[in-house]
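Examining the three-dimensional arrangement
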Amino acid sequence: MSEPVAHRTVVFDESPRVHHLLDRENVLGPVMLAPLLVYLVALVGVPLVLVFVYAFSDASTGSPTYSFVGLSTFQRTIADETFRTALRNTIVFTILSQVVVIVLATILGFVMTANFRGKWIVRFLVLLPWTTPIALSALAWLWMLDSLFSPFNWILGQLHVVAEGTPVAWLGENTLAVGSVVALQAWRTMPLAAVILMAGLTSIPPELNEQAAIDGAGFWRRLFDITFPLLTPIMMVAILFGIVATFTDMAAVYILTHGGPGDATQVLASWSFYTGIESGSLADGAAIGVFMFPVLLGVCLLMLRRARRAEVL
Amino acid sequence: MVARAQAVTAARWVVLVFFALLCAFPFAWATFTSFKADADLYTVGHVPFLYNLPPTFDHVRVLFQETEFLTFVRNSFEIGVIVVAITLATAVPAAYAIARLTGEWGGRLAMAVFVIYLVPPTLLFLPLSRIVAELGLQDSIWALVLVYPTLTAPFSTWLLVGFFRSIPRDIEEQAMVDGYSRAGAVVRTVLPLALPGLLTVVIFTFALTTNDFVYAVAFISSSSNMTISAGVPVELIRGDVFFWQSLMAATVLVAIPVALAYNFFLDRFVQGLALGGVKG
């Protein structure tokens, strides 16, 4: 690893000493890493610590200084009804949307692994929800779910489910609004999960299934005893990405419902934003955000565990 | 057997069409809406799936001529270019060092870098808003230039590590034997071979900076400094005046190029995720 390689290199050297030093791998490595590490420590590491510092303080956007107030910010946060709704919604939205994603992404992954004509256009279309900036697709949904002009209203009117021309409060009625946000989150995280599953499916050696078929295992038996168990680890990666995306997102709620009606669709990220930026209370906003941390930590640990296992292979 | 195969093919197409509709319908609807005349769009009772009045380009023209849409596009583009430069300047050397020079602890560092990719903007935006304010960058595109590499550099580094590892060491060692310094050898041999990876980083960085919503709405207040993805939904619908056709045109005009870009690097991205690339 660290054999000296300096003798090979001094050919067109103007500053021999610097070059000599940089040709030593144990010096060059850290030097090359330094810019990235300094940057990440300053703009991810320090802010991450500051979130916790703010949560124990009375920091606000109005004043440049702040003092520590112990747990009182947390006490206020936990006592707040909106916060509790937001916490519950964040968990419920994430679980519901990811259950939908597991089912749909598995089906899509299966049909997309086959080779067929026109695959590229199908792939382009099914990837759109993932590739489009969430704020813009939420805007498209906002129009699609317009209470007066939604195409679904017209269809429901034709089917006489609702009287023709009556508004349907897709985003203005609690259950419908919750359903709309969950649907949007499932819709936008599903394509990535499907794509990751596709990669997993193609990496299963076909001989396994062929041999099992020869041994008399039927389609469903092979599906449940070979394919699904082999897919589980990669499915987990897909779902972990989906969990992070849904759990920490604020754009969908911010644009689609503004957290409403009332606070029925408020989530931690949006409530933290409204409190910290729009109401200017950094401390309260940070205390709300801190409640995202345990789930993120859990996801990171699971990812790392999987990574370590992959390295053994 | 033939009948069965045909049935399978037919069933597959039914499923595929279902998914294509599910995924693309909001965009198809947006496109269809963009060309509708006001009197057509806003009349309850009109069949919404038809052009009851002749389609019009008027609202697309309004988007380009009478809104700040093009300003948003220019801001996003400028930010994208600068962030690409910063991302490459930090990620390329770091990835090379992790892949070649640091051995055991480099691998662990690669994992740490990947984990940083999972720290979301919605957790960091409050302290960052204060840092941005203290640096005097609030309401300036430079605030976004400063923070966007936190989104792009970790992932790019992780991606490039995989690329550098797939290039045989012999190639640059041969160049070093031939008299090049390590830096010279890397520039002449490794970087050209890693070009697809560098291109992926460029596209990915553009896509991610376009995607951000949180930082843009938290740091930027005047519409002349807004990016596309925050400016269109926030600035173009200030007040209660919605001009839906223009908004939908903007959505589609951004969604399509970004999707094309993603399709370009998707295979590489998936390969990395799927084949244990997470191990760094």
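Rules behind the numbers
Residues numbered from 1 in each chain as written. Chains lettered and ligands numbered in written order. Predicted model: local features only at pLDDT ≥ 70, side-chain atom pairs only at ≥ 80, totals over all residues. Helix = DSSP H or I, 4+ residues; strand = E, 2+ residues; numbered from the N terminus. Buried ≥ 20, exposed ≤ 12 C-beta atoms within 10 Å, placed from the backbone. Contact = placed C-beta atoms within 7 Å. Nonpolar A, V, L, I, M, F, W, Y, C, P; charged D, E, K, R; others polar. Domains from an automatic or database assignment. pLDDT = per-residue confidence, 0-100. Axes fitted to C-alpha atoms, helices over the stretch in contact; angles between N-to-C directions. Parallel < 35°, antiparallel > 145°, perpendicular 65-115°, else oblique. Left-handed = near helix turned anticlockwise from the far one by under 90°. Core = buried A, V, L, I, M, F, W, Y, C linked by C-beta atoms within 7 Å.

**Points about the overall build of chain B**
When its secondary structure is counted, chain B shows 14 helices and zero strands. Listed N to C, the secondary structure of chain B is α-α-α-α-α-α-α-α-α-α-α-α-α-α in terms of helices and strands. Viewed in the frame of its principal axes, chain B has a C-alpha envelope of about 75 × 70 × 35 Å. Classification of the 280 residues of chain B by burial places 50% in the buried group. Pairs at least 24 residues apart make up 75% of the contacts formed inside chain B by residues separated by at least 6 positions.

**Details of the overall build of chain A**
Broken down by element type, chain A carries 14 helices and zero strands. Order of helices (α) and strands (β) in chain A, N terminus to C terminus: α-α-α-α-α-α-α-α-α-α-α-α-α-α. Within chain A, the proportion of its 313 residues that are buried is 41%. Considering only contacts in chain A between residues 6 or more positions apart, those separated by 24 or more positions represent 66%.

**Notes on the interface of chain B and chain A**
As a measure of interface size, the accessible area lost when the parts come together is often cited. With 80 residues of chain B at the contact, the number on the chain A side is 84 residues. Here the element with the most residues in the side of chain B that touches chain A is helix H14 (residues 244-274) of chain B; it accounts for 15 residues. Class assignment of the residues belonging to the side of chain B that touches chain A gives a composition of 58 nonpolar, 18 polar and four charged.

**Observations concerning the domain arrangement of chain B**
Once the domains are mapped, chain B shows domain 1 (2-34) and domain 2 (60-279). Taking only C-alpha atoms into account, the centre of domain 1 of chain B sits 32 Å from that of domain 2 of chain B.

**Quick word on the confidence of the model for chain A**
Looking at chain A, pLDDT values average 84 and 90% of them are 70 or higher. Segment residues 1-13 of chain A: pLDDT under 50, and 19 contacts once partners within four positions in sequence are set aside and those in other chains are kept.

**A word on the packing of helix H4 (residues 69-101) of chain B against helix H11 (residues 195-211) of chain B**
Residue and element names in this part refer to chain B. With their axes 9 Å apart at the nearest point, H4 and H11 run at an angle of 135 degrees to one another. In terms of axis orientation, H4 runs oblique to H11. For the crossing formed where H4 meets H11, the hand is right-handed. For the pair H4 and H11, the contacting residues are Ser76, Ile79, Gly80, Val83, Val84, Thr87, Leu88 and Ala91 in the first and Leu198, Val201, Val202, Thr205, Phe206, Thr209 and Thr210 in the second. Considering only residue class, the contact of H4 with H11 consists of nine nonpolar, six polar and no charged.

**A word on helix H13 (residues 282-290) of chain A**
Extensive coverage of H13(A) is indicated by the burial of nine of its nine residues. The complete set of buried residues in H13(A) reads A:Leu282, A:Ala283, A:Asp284, A:Gly285, A:Ala286, A:Ala287, A:Ile288, A:Gly289 and A:Val290.

**What about the confidence of the model for chain B?**
Residues shown with low pLDDT carry predicted positions that ought not to be read at fine detail. Residues and elements named next belong to chain B. Scored by pLDDT, chain B has a mean of 85; 93% of the residues are at 70 or more. Helix H5 (residues 103-117) is the least confidently modelled element of chain B, averaging 79 in pLDDT, while helix H7 (residues 141-147) averages 95, the highest of any element. Here residues 275-280 is modelled with pLDDT under 50, and outside its nearest four sequence neighbours on either side it reaches 20 contacts, counting other chains as well. This complex was scored by the predictor with a pTM of 0.88 and an ipTM of 0.88.

**Considering unusual backbone geometry**
Within the chain, A:His258 stands out as a residue other than glycine whose phi angle is a positive 55 degrees. Mapped onto the secondary structure, A:His258 falls in the loop between helix H11 (251-256) and helix H12 (268-278). On the basis of neighbour count, A:His258 is assigned to the partly exposed category, with 14 C-beta atoms found within 10 Å. Even without being glycine, B:Asp139 reaches a positive phi, approximately 60 degrees.

**Quick look at the nonpolar core**
Core analysis: the largest hydrophobic core is formed by 172 residues, its most contacted members being A:Ala138, A:Leu139, A:Ala193, A:Leu256, B:Ala95 and B:Leu160. For this core, the leading source of residues is helix H8 (residues 174-202) of chain A, giving 15 residues.

**Points about the environment of A:Pro133**
Residues and elements named next belong to chain A. Looking at where proline 133 falls in the secondary structure, it is placed in the loop between helix H5 (119-131) and helix H6 (134-144). On the basis of neighbour count, proline 133 is assigned to the buried category, with 27 C-beta atoms found within 10 Å. Put simply, proline 133 and alanine 251 are 118 residues apart on the chain and 9.6 Å apart in space, counted from C-alpha to C-alpha.

**A few points about H12(A)**
Counted residue by residue, H12(A) has nine buried out of eleven residues, so it is predominantly covered. Buried within H12(A) are the following residues: A:Leu268, A:Ala269, A:Ser270, A:Trp271, A:Ser272, A:Phe273, A:Tyr274, A:Thr275 and A:Gly276. Summarising the contacts, the buried residues of H12(A) are in contact with helix H4 (81-113), H11 and H13 of chain A together with helix H6 (121-134) of chain B.

**Re the environment of A:Tyr66**
Residue and element names in this part refer to chain A. Here tyrosine 66 shows up in the loop between helix H2 (25-55) and helix H3 (72-79). Given 16 C-beta atoms within 10 Å, tyrosine 66 falls into the partly exposed group. Sequence-wise, tyrosine 66 and leucine 127 are 61 residues apart; in three dimensions their C-alpha atoms are separated by 46 Å. Not counting the four nearest positions on each side in its chain, tyrosine 66 is found in contact with Ser57, Asp58 and Ala59.

**Notes on the packing of H12(A) against H13(A)**
All names here are of chain A. Running from amino to carboxyl end, H12 crosses H13 at an angle of 170 degrees, the nearest separation of the two axes being 7 Å. By the angle between their axes, H12 is roughly antiparallel relative to H13. Here Leu268, Trp271, Ser272, Thr275 and Gly276 of H12 come into contact with H13, specifically with Leu282, Asp284, Gly285, Ala286, Ile288 and Gly289. Classifying every residue of the contact of H12 with H13 by side-chain character gives five nonpolar, five polar and one charged.

**With respect to the environment of B:Phe72**
All names here are of chain B. Within the element layout of this structure, phenylalanine 72 appears in helix H4. On the basis of neighbour count, phenylalanine 72 is assigned to the buried category, with 25 C-beta atoms found within 10 Å. For the pair phenylalanine 72 and phenylalanine 163, spaced 91 residues apart in sequence, the C-alpha to C-alpha distance is 34 Å. Once residues within four sequence positions are removed from consideration, phenylalanine 72 is found in contact with Met226, Thr227, Ile228, Gly231 and Val232.

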